[in-house]
Amino acid sequence: MWRCGEDSRQDDLEWWIRDGDQGGATIGTYVGCFSDDSREKTLKGAVFYDLRKMTVSHCQEACAERAYTYAGLEYGAECYCGNKLPATIAKQEECNNECKGEKGSICGGVNRLSVYRVEELRAGAKRRRNVIYRGCFRAPENLTVTFPASLIQSNLTVEMCSEFCSKKEFPLAVIGGPECYCGYPTMHFTLHDSMDRLFCSRLQNVSSMAEVPREENYYHVYQTPVQDTRCTDRKFLTTKSKVFVALSSFPGAGNTWARHLIEHATGYYTGSYYFDGTLYNKGFKGEKDHWRSRRTICVKTHESGKREIEMFDSAILLIRNPYKSLMAEFNRKCAGHLGYATDRNWKSKEWPDFVNSYASWWASHVLDWLKYGKHLFVIHYEDLKQNLIPRLKEMVEFLNMTVTEDRLLCVENNRDGNFKRSGARQKDFEPFTQEMKDLINSYILTVDEALKRRNLTGLPREYVPR
């Protein structure tokens, strides 16, 4: 198997490094040991696992950065965040699991949470708030029914409203003049039809919005650091699946993203033919389950070949532009799930060797699944990105599941998950030589013809570079 050179990093680097931990350790106050009711989780705003390196401080810092007040640790390796304490206090001795990454420290127990209050940060450390402007929207007919929490305050600022809604654990802060509302995207307020910003305000500086004349029924909407939790609870199937479903793709085609969407839409974990500690640490609990357990809604695989394919009863086949797939997988090989290969990687012999080794695999992977797959649902990554809700509905229907509209809106609100690359991208240069393009384009034409022979939609035209 091809491997990147000296700049490669282990896939199981700690999630707190990948998530942009900036130091500034949290000073947390221990609150106590609590029962964790899986049916009514209180600390569910953000979830992380680390079977080898979980510590109290890393969990606290992760929760503080996302504007949560409490951090709870469980099973020695799991971290949960929230703004409300669990309802039931447990005996202190029931929190007895040592933290996997910190000898002598306790990280909860079996269905028991060691809970810390994490509001304070060490002097000089700045908490990251990450408030995102979503746009200007027409108000729904009944504001108080649509938005469960509200605040009226003169000289209201974005920061005030966002902080208020964060403490109430709502992902949206809706602001107009002195009015602040908190809630979720719903069928009455989908965030699908934004208006020109001038409808909401004629202000240059949105932080002093109260002083600005505003059209009566339009509001600025911001995404708070708090996660939309209506679709984050997931579990294993209660009875073994009768249909063994693959989620198949070439590496770099967006398999992890598709798993994130499927898990949050259906409420069930996906499995994997492999074990990736980084994915497990990011909340993909099905990574640790045996791939043939049939306790997961579908199973990730990059395998091809008759025997490997015929093990499955049906499959979602995810296809992505090979140019983008090859670059994404090269980045992952050299710098992990969220990093980027260096200029030296791209301009060394590693890159052409990688293309020569992997380009043919991109084609053979699709061709083998078209040949040996028993029941296929083919979806293009680009189409899923552009038409998320209708395509996700089709995927869920193929998995013989139903999903509510509010849950789909929650998925849309959490669409990126924890594996969207960020930070310094590679410099703007063309990594593909003409010889590489000729090779890849020939594979694109072959796959396109094979799809059409199966009466399936051919590859998008954008796959061939102009």
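Residues numbered from 1 in each chain as written. Predicted model: local features only at pLDDT ≥ 70, side-chain atom pairs only at ≥ 80, totals over all residues. Heavy atoms only, no water.

Looking at an unreviewed UniProt entry, one finds the protein chain named WSC domain containing 1, with Gopherus evgoodei as its source organism. In its Sequence similarities (unreviewed entry) section, the UniProt record describing the protein chain reads: "Belongs to the WSCD family." (UniProt positions renumbered as here; feature names shortened; annotations may be inferred.)

1. Concerning the overall build of the protein chain
Each helix and strand counted, the protein chain has 14 helices and 17 strands in total. Counting across all 466 residues of the protein chain, residues that qualify as buried make up 55%. The long-range fraction of contacts in the protein chain, counting pairs at least 24 apart against all pairs at least 6 apart in sequence, stands at 76%. With an accessible surface of roughly 22100 Å², the protein chain has 47% of that area assigned to carbon and sulfur atoms. (Helix = DSSP H or I, 4+ residues; strand = E, 2+ residues; numbered from the N terminus. Buried < 20%, exposed > 50% of the residue type's maximum accessible area, 1.4 Å probe, protein only. Contact = heavy atoms within 4.5 Å. Areas by Shrake-Rupley, 256 points an atom, 1.4 Å probe, with all protein chains shown as cover.)

2. Topic: the state of the cysteines
As enumerated under the stated definition, the model contains eight disulfides in all. Disulfide pairing places C161 opposite C180 at an S-S distance of 2.1 Å. With the S-S dihedral at roughly 80°, the linkage between C161 and C180 falls on the right-handed side. With C161 in helix α4 (residues 158-167) and C180 in strand β11 (residues 179-183), this pair connects stretches of sequence that are 19 residues apart. We note that C161, like C180, is buried. In this model C165 forms its disulfide with C182; the gap between the sulfur atoms is 2.0 Å. Here C165 and C182 share a disulfide; its torsion about the S-S bond, -80°, makes the bridge left-handed. (Disulfide = S-S within 2.5 Å.)

3. Description of the nonpolar core
Core analysis: the biggest nonpolar cluster contains 40 residues, and I319, L326, W351 and W362 have the highest contact counts within it. When residues of this core are traced back to their parent elements, those giving at least two are β16 (314-319), α8 (322-335), α10 (350-372), β17 (376-380) and α14 (434-453). At 10 residues, the largest contribution of residues to this core is made by α10. Among all residues touching W362, those that are not within four sequence positions of it are F250, I319, R320, P322, Y443, I444, V447, L459 and Y463. Counting 28 residues, the second largest nonpolar core, distinct from the first, contains A258, C298, L384 and F398. (Core = buried A, V, L, I, M, F, W, Y, C linked by side-chain atoms within 4.5 Å.)

4. A short note on the sheet that holds strand β13 (residues 245-249)
Pairing in this open sheet of five strands is parallel, and the strands run β14-β15-β13-β16-β17 from one edge to the other. Lying at the two open borders of the sheet, with one neighbouring strand each, are β14 (271-272) and β17. Across two bridges, the pairing between β14 and strand β15 (residues 299-301) is parallel. Looking across to β15, one finds that S272 is bridged to K300. (Pairing = 2+ DSSP bridges.)

5. A short note on the pairing of strand β4 (residues 78-82)
Across the five residues of β4, five count as buried, placing the element largely inside the fold. Where burial is concerned, the two faces of β4 agree: the one with E78, Y80 and G82 and the one with C79 and C81 are both buried. Bridge count for strand β2 (residues 46-49) against β4 is four bridges, and the pairing is antiparallel. Paired with Y49 across the strands is E78, a residue of β4. Inspection of the sheet shows strand β3 (residues 70-74) paired to β4 by five bridges, in the antiparallel sense. Each bridged residue has a counterpart across the sheet, and for E74 the counterpart in β4 is E78.

6. Re the packing of aromatic side chains
Taken as a whole, this structure holds 30 aromatic pairs when the rule is applied. Here F199 and Y218 contribute two aromatic rings whose centre-to-centre distance is 5.0 Å and whose plane-to-plane angle is 50°, an arrangement assigned as tilted. Of the two residues, F199 sits in the loop between β11 and β12 (218-223) while Y218 sits in strand β12, which places them 19 residues apart along the sequence. When its relative accessible area of 33% is taken as the criterion, F199 is described as partly exposed. For Y218, a relative accessible area of 9% gives the class buried. With centroids separated by 5.3 Å and ring planes inclined at 65°, the aromatic side chains of W351 and F432 adopt a geometry described as edge-to-face. Of the two residues, W351 sits in helix α10 while F432 sits in the loop between α13 (405-413) and α14, which places them 81 residues apart along the sequence. One exposure class covers both W351 and F432, and it is buried. (Phe/Tyr/Trp six-rings, centres within 6.5 Å; stacked < 30°, edge-to-face > 60°.)

7. A short note on the pattern of salt bridges
Taken as a whole and assessed by the stated rule, the structure comprises 16 salt bridges. In this structure, the salt-bridge partner of R259 is E287, at a minimum N-O distance of 2.6 Å. Highlighted residues: R259 in helix α5 (residues 255-266) and E287 in the loop between α6 (277-281) and β15, separated in sequence by 28 residues. Neither R259 nor E287 differs from the other in exposure class; each is buried. Taken together, the shared-partner salt bridges in this structure form one network comprising D383, R391 and E394. (Salt bridge = Lys/Arg side-chain N within 4 Å of Asp/Glu carboxyl O.)

8. Digging into helix α2 (residues 56-65)
Burial analysis of α2 places eight of its 10 residues in the buried class, which makes it a mostly covered element. Every buried residue belonging to α2 is among V56, C59, Q60, E61, A62, C63, A64 and E65, and all of these are buried. Immediately downstream of α2, the backbone of A67 shows phi near 70°, a positive value.

9. Thoughts on the environment of K242
Topologically, K242 is positioned in the loop between β12 and β13. Judged by its relative accessible area of 79%, K242 falls in the exposed class. In this structure, the C-alpha to C-alpha distance between K242 and D313, residues 71 residues apart in sequence, is 9.2 Å. Setting aside chain neighbours within four positions, we find K242 in contact with R294 and D313.

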